[in-house]
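Secondary and tertiary structure notes
This is what each chain is made of:
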Amino acid sequence: MKKLALFLGSLLVVGTAVQAKEVVVAPVEVSKEIIVVAEPVVEEVIAPVFKPTGYVGVQYRAYGETEGHGDDIRWNTATNEADDNQDTWNRGANKYSRLETTFGVQATENFKLEGRIRDYNNLESNGDRNKNSKNGTETRLRAYYQHNDWFTSRVQYRDEENDSQNLEYQARFTVYKNEGALLSKLLLAPKVYHSFPEDGGSNYMNTIGMDIEYAGNLPLGFTWDGTIYLNQNFYGQDFHTNADLTDNKDKDFVAEWEIYLYRSFALYSTDNYAIDFNFEGGYDPYKFGQYDKYTKNETTGKVSKSSKTTYSLYTLLTLDAEYKVTENFAVNAGVGAEYRNWDITAQDAASHWRWQPLAYVGMKATF
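Here we summarise the structure given alongside this text. Small disclaimer: the values here were computed from a predicted structure and weren't measured. (Residues numbered from 1 in each chain as written. Predicted model: local features only at pLDDT ≥ 70, side-chain atom pairs only at ≥ 80, totals over all residues. Heavy atoms only, no water.)

Next up on the list: the pairing of strand 14 (residues 293-296). As defined by bridge partners, strand 14 adjoins strand 15 (residues 303-306) across four bridges and the pair is classed as antiparallel. Considered in strand 15, the bridge of Lys293 is made with Ser306. (Pairing = 2+ DSSP bridges. Helix = DSSP H or I, 4+ residues; strand = E, 2+ residues; numbered from the N terminus.)

Looking at where Tyr157 falls in the secondary structure, it is placed in strand 7 (residues 151-159). In sequence terms Tyr157 and Leu141 are 16 residues apart; their C-alpha atoms lie 5.2 Å from each other. Excluding residues that lie within four positions of it along the chain, Tyr157 makes contacts with Thr139, Arg140, Leu141, Gln165, Asn166 and Leu167. At 2.5 Å, the side chain of Tyr157 and the side chain of Gln165 are in polar contact. (Contact = heavy atoms within 4.5 Å. Polar contact = N/O pair within 3.5 Å; in protein donor to acceptor, adjacent residues only side chain to side chain.)

Moving on, we come to the packing of aromatic side chains. Tallied over the full model, the rule gives 18 aromatic pairs. With 6.1 Å between their ring centres and 50° between their planes, Phe239 and Tyr291 make a pair best called tilted. Here Phe239, found in strand 11 (residues 223-240), pairs with Tyr291, found in the loop between strand 13 (273-289) and strand 14; they are 52 residues apart in sequence, far enough to count as distant. Here Phe239 falls in the buried class, since its relative accessible area comes to 11%. (Phe/Tyr/Trp six-rings, centres within 6.5 Å; stacked < 30°, edge-to-face > 60°. Buried < 20%, exposed > 50% of the residue type's maximum accessible area, 1.4 Å probe, protein only.)

Note that strand 12 (residues 248-269) and strand 13 share 14 bridges and pair antiparallel. Bridging across to strand 13, Val254 finds its partner in Gly289. With antiparallel pairing between neighbouring strands as the criterion, strand 12 and strand 13 make up a hairpin whose turn holds three residues. One ladder, built from 14 bridges, connects strand 13 with strand 16 (residues 309-326); its direction is antiparallel.

What follows is the structure, encoded as structure tokens:
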């Protein structure tokens, strides 16, 4: 019995030892974090090459007879001029045409040139006797140089209908800009100006001052803009400030205020056609002068007064049709009428607003 117990015990010890030898310790794996460093991809940005752009527009506009101007201009043979005792609304600006050519070129990223040429022709049958008839050519050229986002220089040259000429320089500062707001733009433009007559005589004018340009948006789809002109004028010849032609002055301060409202109503439109009803109106301009001015007609001896405070208030309604021939060429035509106080503009007596019909046809090409 004892031998059997010893034998079993020996077997148990041997079995335990064999099991112990078969136990293998598993190796411990240590994971390594692999970090991939991405090389930055540098994309070469090619700035767009500047290309000059521009436009050319031509419009022929004909003006009819102002309401109430129905009688022919009677001629006073004694004074060899028109008789004053007749209906004179808008005299000299009835039944005339205007051929207007406009153009503009953005020559470089900073330099731009714009031009406007207006050629007036009288269409009245008695135009030969009407010394105030609309005849002549008016030319305006403007050159802009943009120094940066807020400062631009502008040089302007004008050749007026009466062949007088003027030059102007403006330093134009954009001090506020907010598209879509009630006030969307405010620009201040200090300026110097020189006007000289056709004969180059002493009847010139020098001006220093500033223009204040503004624009904005109103409810119901209306927009508005305008300019305030502040001018200190110096004249080459004296002017009279009394009816007895005394108290002469050679300088004065004049402020002018322009404000316009606009609204366009789209009546019909497709990709190529559009018919719109357009409204515009406002003060064009309201003028505040320092002095009343008096002049004497050397032929009749009559003394006339130019009031120091005047205004012209108008409304222009047009029906316009446009056809887009190509992406860069369009033609348009329209009819309308303008309502304005043509002749009596003194602030204390402004009256007699009258309608004048008009029609036009034109084209515009861009490149």
